[in-house]
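A structural walkthrough
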Amino acid sequence: MTATAVVPQPRTEDGPPPAIVFDHATLAYGSATVLHDVHGTVPAGQATALVGPNGAGKSTLIKAALGLVTVASGSVTVRGQRPAAARSRTAYVPQADALDPEFPVTVGQVVLMGRYRAAGWLRRPGKRDRAIAADALDLVGLADRARDRFGTLSGGQRQRVLLARAIAQQADVLLLDEPFNGVDAVSRDALLGALRELLAGGAAVLVSTHDLSVAHILCRQVCLLNGRQYGFGPPERTLTADNLRCCYGAHVLEVDGSTIVAGM
Amino acid sequence: MSWLDSYTHRALLEAALVGAVCGAMGVHVVLRRMGFFTMAMTHATFPGVVLAAVVGIDIYLGGAAMGVLICLCVLAVSRRRDQGATTATGIVLAAGFALGVALLSASDGFSRDLEAFMTGSIVTVTEHDLAVTAGVGALVLLVLAALHKELVHGAFDPEGQRAAGYPVAALDLLLLVLIEAVIVITAPAIGVMLAMALIVGPAATARLWTDRIGITLPLSMAIGTGSCALGLTLSTHWNLAPGGTITLVVAAVFLVSLALSPHNGLLRPPLRRRAASTG
Amino acid sequence: MGSPLTDPFQVPYMARALVELLILGVLGGAVGVFVLVRRLAYVADALTHTVFPGVVVGFAAGAADGVFWGALVAGLLTAVLLTLLTRAPRISEDSALTVILTAFFGLGVVLVSRQHDYRHDLNAFLFGQVLTVTRADIVQSAVLAAGCLVALAFLGRHFTLRAFDPDGARAMGHRTWLLDLALNVLIALVVVAAVRAVGTVLVIALMIVPAAFGRLLSHRIPVIAAIGAGFGALCGWLGLAASYQASVLHGVQLAAGPAVVLLMTAAYTLLLAARKAVRA
């Protein structure tokens, strides 16, 4: 076997164990394969960015880590378990835009939803759960909005509330679907700050994004996708002009020495 | 002695006409997911029919007028975003139905006309009814054919249609009037409740077999006509209520298609089905 | 003498009718809020029609007592079918519901046409017979209502999560189809508890209008449920009194079910208009 050098192995001495392992995973909806042969490791205590154009399969990969998409070949493991079995260790942050802004629910209730699983099916969330939820909301800087209706917040603030819900789950693995899409500068900074705090606490973060600068400042690893994997590793090695040109087609420009992707 | 003198012949012709018109109308109802809305229209037609029967004017005309009027209220309420179209439709449905039943209870119970309106009586169809069905049905089909591409465009992309300068509200209103007309000509044959089955069933069945609207339309009309004829034959053979029997035939055709159709059937490749249900 | 709002209920059958309507009003308002947030108004409507064949078969098999069990079987069967069919990909929920609804109703019509007392059945199904409610019926409704309310107390927050964010609910490990089935069964139980007493007209309204009324006043689900329950019960009381006044004192036949519904929709419309006026 010549490929042994790149097979991800659970590291024993030089770092924390991997949170998510994609081992030549191929993912499909129906008969249509969405993503071929993803291979790499998301370590604990680090952020990994999923980068690629629309329809590249970023959401599919996140759903695979949640056990919501069938793995046609290869495997996906979360903390050494099947993804579906590891759900109590993972927290998912959906796109705020996908949720109904008219839904009758307050910000505080949304964050408290993160405690439902820990509280169990029949027990109501108690004092401790409420305290955890309140702390999580504080961490994203929205403690004063707990009693407002979710839909009255701005898009960026709603995204922060959903991150707070994931924080309240006290999970080891966070999966975020395009959290920086259409988010204002204040909310962007708040999201980045909260994520850094979680990383410092040892959580693993897998975040899909259009925004290459986020990948550079937050993530130590990037997975470049478009139907298949174009690179998985440190940003400076993955986000090269050549890789980006392969992944995005012709829409890649170089301006002042940095690579930008146009026409997404 | 003409062919139409036999009541079985009249019934068969009425069933075929109604099946074809409902099948064509249904394609648009299914395309726009207006099943619940159409259901609300049938209920909203009810008080108009009762009122017309009490006052003594043509019950179908009265029903149609009331139905359209009440549906305009739905459109008004559903503009409120925190209430939503489903809730607005539900409220109008409940209110219309209640108004009808209240008027009915105040006017001393069922009259013959009203019972016919609820469950239909296709075997007592007169030549006058046939003429009305044929005339109104032809008009509906004509309008549907003339405005086919505009209606489909509006169903697919209402914003784009508005941007392109079409009178979208007027088209929506026209569609409402057409649906109401179809309900009113179908009601005497198989009843207002079961008219729903004939509007949605064949079109939904046709959609299971093809994604192309050009094929859906004739297929739906054929399924509608066929189901009506078959249902009527079965009902006279075993002496069952014709409206109910036709409805059961429509449902059976749908279920068989659901099992067998190439895209959605239960017989398609197992891997595909599993993945689709988790995704 | 007392007021027109309390006097009618000194007659025993009116008192029983009142208790039944109060129970159903509270139940409808509480379940209704989830019908509202999950946009299941059509499911509720469909269930009121699909219990019809059950009612017919039940009545044929065991007279008045059979109706309850017939409706229960038909209601639960529909709840399961609805959950299955609405999960099938590429069939719109709207069309699937219409087909199920009309098929069941058509079956009811066919069954009824084989019997003689046609109009009576259809009449009872539309109007209900709230004035002939017995003590046993009330106990039955109360037990069902208590069961549903307990289930809501435990499952309500999960229903909310599933309605608000289905992907998130799945990611947290909820089986959404199971939650959907549970809610459909709850709606079916409300329909079964109510349909014999108050008829189809009132059942649909009880599950839709009070919650919509509450939604206009609050954006917190428990508050909406409470307002809805109170509103449903209040309208049940006032509607029953109005029906009595009209029928007994003024000689206008006004069935209780429609009276309650018309009162509810009138109050809803007034509140809607009032809010528009305040905002303008």
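Please refer to the structure higher up on the page.
Just so you know, these numbers come straight off a predicted model, no measurement behind them.

On to the overall build of chain A. A tally of regular secondary structure across chain A gives 9 helices and 11 strands. Taking all contacts inside chain A whose residues are at least 6 apart in sequence as the whole, residues at least 24 apart take part in 65%. When the accessible surface of chain A is totalled, it reaches about 11400 Å², and 50% of it is carbon and sulfur.

Looking now at the sheet that holds strand E8 (residues 221-225) of chain A. All names here are of chain A. Strand order across the open sheet formed by 6 strands is E5-E6-E7-E3-E8-E9, with mixed pairing between neighbours. The open sheet has two free edges, formed respectively by strand E5 (90-93) and strand E9 (229-233), since each of these has just one partner strand. Averaged over all adjacent pairs, the angle separating strand axes in this sheet is 15 degrees, with direction ignored. Judged from the 4 bridges that link them, strand E3 (residues 47-51) and E8 form a sheet pairing that is parallel. Residue pairing for E8: Ala 49 is matched across the bridge by Val 222. The sheet strands contacting helix H9 (residues 241-248) are E3, E8 and E9, and the helix crosses E8 at an angle near 35 degrees.

Here the focus is the pattern of salt bridges. Residues and elements named next belong to chain B. If you walk through the whole model with that rule in mind, you get 18 salt bridges over all chains. Across the pair Glu 150 and Lys 149 runs a salt bridge, and its minimum N-O distance is 3.1 Å. A residue is classified by how much of its surface remains accessible, and Lys 149, at 59% relative accessible area, is exposed. For Asp 211, the salt bridge identified is with Arg 207, shortest N-O distance 3.1 Å.

Between chain A and chain C, the contact holds 31 residues from the first and 26 residues from the second. Roughly 2600 Å² is buried in total at the junction of chain A and chain C, and carbon and sulfur atoms are behind 63% of that figure. In terms of surface lost to chain C, no three residues of chain A exceed Phe 103, Pro 104 and Trp 121 of chain A, which account for 26% of the buried area on that side. Of the charged contacts, one joins Lys 63 of chain A and Asp 167 of chain C as a salt bridge, the two residues approaching to 3.5 Å between their closest N and O atoms. Counting the contacts that link chain A with chain C gives 8 residue pairs in polar contact (both at pLDDT 80 or more).

The next thing to look at is helix H11 (residues 213-238) of chain B. Residues and elements named next belong to chain B. When the terminal C-alpha atoms of H11 are compared, their 37 Å separation across 26 residues agrees well with the 38 Å that a helix rising 1.5 Å per residue should span. Listed in full, the buried residues belonging to H11 are Thr 216, Ser 220, Ile 223, Gly 224, Ser 227, Cys 228, Gly 231, Leu 232 and Ser 235. Buried residues along H11 sit against helix H1 (7-31), helix H10 (192-209) and helix H12 (242-260). Where H11 ends, the next residue or the one after it, Asn 239, has phi of about 55 degrees, a positive value.

The next subject is the packing of helix H2 (residues 35-55) of chain B against H10 of chain B. If you want to describe how two helices pack, look at the angle between their axes and the distance between the axes. Residue and element names in this part refer to chain B. Between H2 and H10, whose axes approach to 9 Å, the crossing angle comes to 155 degrees. As summarised for this structure, H2 and H10 are arranged roughly antiparallel, according to the angle between their axes. Crossing hand, H2 versus H10: right-handed. Facing Gly 35, Thr 38, Met 39, Thr 42 and His 43 of H2, the residues of H10 in contact are Val 192, Met 193, Met 196, Ile 199 and Val 200. Tallied by class, residues from the contact of H2 with H10 come to 6 nonpolar, 4 polar and no charged.

Residues and elements named next belong to chain B. The terminal C-alpha atoms of H1 lie 36 Å apart, and with 25 residues this matches the ideal 36 Å at 1.5 Å per residue to within 8%. Residue Met 25 marks the point of greatest curvature in H1, where the axis turns by about 25 degrees. In the segment just after H1, Arg 33 is the residue with positive phi, at about 55 degrees.

Considering all chains together, one arrives at 0 disulfides over all chains under this definition. Just so you know, Cys 223 of chain A is unpaired, no disulfide at all, and the nearest cysteine sulfur is the one on Cys 247 of chain A, 9.3 Å from it. The closest cysteine sulfur to the non-disulfide-bonded Cys 228 of chain B is located on Cys 22 of chain B, 7.1 Å from its own sulfur.

Here the focus is the sheet that holds strand E4 (residues 71-78) of chain A. All names here are of chain A. Pairing in this open sheet of 3 strands is antiparallel, and the strands run E2-E1-E4 from one edge to the other. On the outer flanks of this sheet lie strand E2 (32-43) and E4, each paired with one strand and no other. Strand-to-strand twist in this sheet, taken as the mean axis angle between neighbours without regard to direction, amounts to 15 degrees. Alignment of strand E1 (residues 18-29) against E4, held across 6 bridges, turns out to be antiparallel. Each residue of the ladder has a partner; that of Val 21, found in E4, is Thr 77.

Following the criterion strictly, the structure yields 8 aromatic pairs over all chains and no others. Between the aromatic rings of Phe 213 of chain C and Phe 231 of chain C, the centroid separation amounts to 3.9 Å while the plane-to-plane angle is 10 degrees, which identifies the pairing as stacked. Of this pair, Phe 213 of chain C sits in helix H7 (residues 176-217) while Phe 231 of chain C sits in helix H8 (residues 221-249), and the two are 18 residues apart along the sequence. Site record: aromatic cluster; members linked through ring pairs are Phe 103 and Phe 150 of chain A together with Phe 164 of chain C. A cation over an aromatic ring shows up here: Arg 228 of chain A above the ring of Tyr 230 of chain A, its NZ or CZ 4.2 Å from the ring centre. Across from the ring centre of Tyr 116 of chain A, 5.7 Å away, lies the NZ or CZ of Arg 157 of chain C, which sits over that ring.

Attention shifts here to the pairing of E8 of chain A. All names here are of chain A. Extensive coverage of E8 is indicated by the burial of 5 of its 5 residues. Judged by which residues are buried, E8 turns out to be covered on both faces: Gln 221, Cys 223 and Leu 225 on one side and Val 222 and Leu 224 on the other are all buried. Bridge count for E8 against E9 is 4 bridges, and the pairing is antiparallel. Within E9, the position partnered with Leu 225 by the bridge is Gln 229. Counting the residues in the hairpin turn of E8 and E9 gives 3 residues, including Gly 227, whose phi is positive at 80 degrees.

What counts, and at which threshold
- Residues numbered from 1 in each chain as written.
- Chains lettered and ligands numbered in written order.
- Predicted model: local features only at pLDDT ≥ 70, side-chain atom pairs only at ≥ 80, totals over all residues.
- Heavy atoms only, no water.
- Helix = DSSP H or I, 4+ residues; strand = E, 2+ residues; numbered from the N terminus.
- Contact = heavy atoms within 4.5 Å.
- Areas by Shrake-Rupley, 256 points an atom, 1.4 Å probe, with all protein chains shown as cover.
- Pairing = 2+ DSSP bridges.
- Axes fitted to C-alpha atoms, helices over the stretch in contact; angles between N-to-C directions.
- Salt bridge = Lys/Arg side-chain N within 4 Å of Asp/Glu carboxyl O.
- Buried < 20%, exposed > 50% of the residue type's maximum accessible area, 1.4 Å probe, protein only.
- Buried area = accessible area lost by both parts, 1.4 Å probe.
- Polar contact = N/O pair within 3.5 Å; in protein donor to acceptor, adjacent residues only side chain to side chain.
- Expected span 1.5 Å × (residues − 1).
- Parallel < 35°, antiparallel > 145°, perpendicular 65-115°, else oblique.
- Left-handed = near helix turned anticlockwise from the far one by under 90°.
- Nonpolar A, V, L, I, M, F, W, Y, C, P; charged D, E, K, R; others polar.
- Bend = angle between axes of the 7 residues up to and from the residue.
- Disulfide = S-S within 2.5 Å.
- Phe/Tyr/Trp six-rings, centres within 6.5 Å; stacked < 30°, edge-to-face > 60°.
- Lys NZ or Arg CZ within 6 Å of the ring centre and 35° of its normal.

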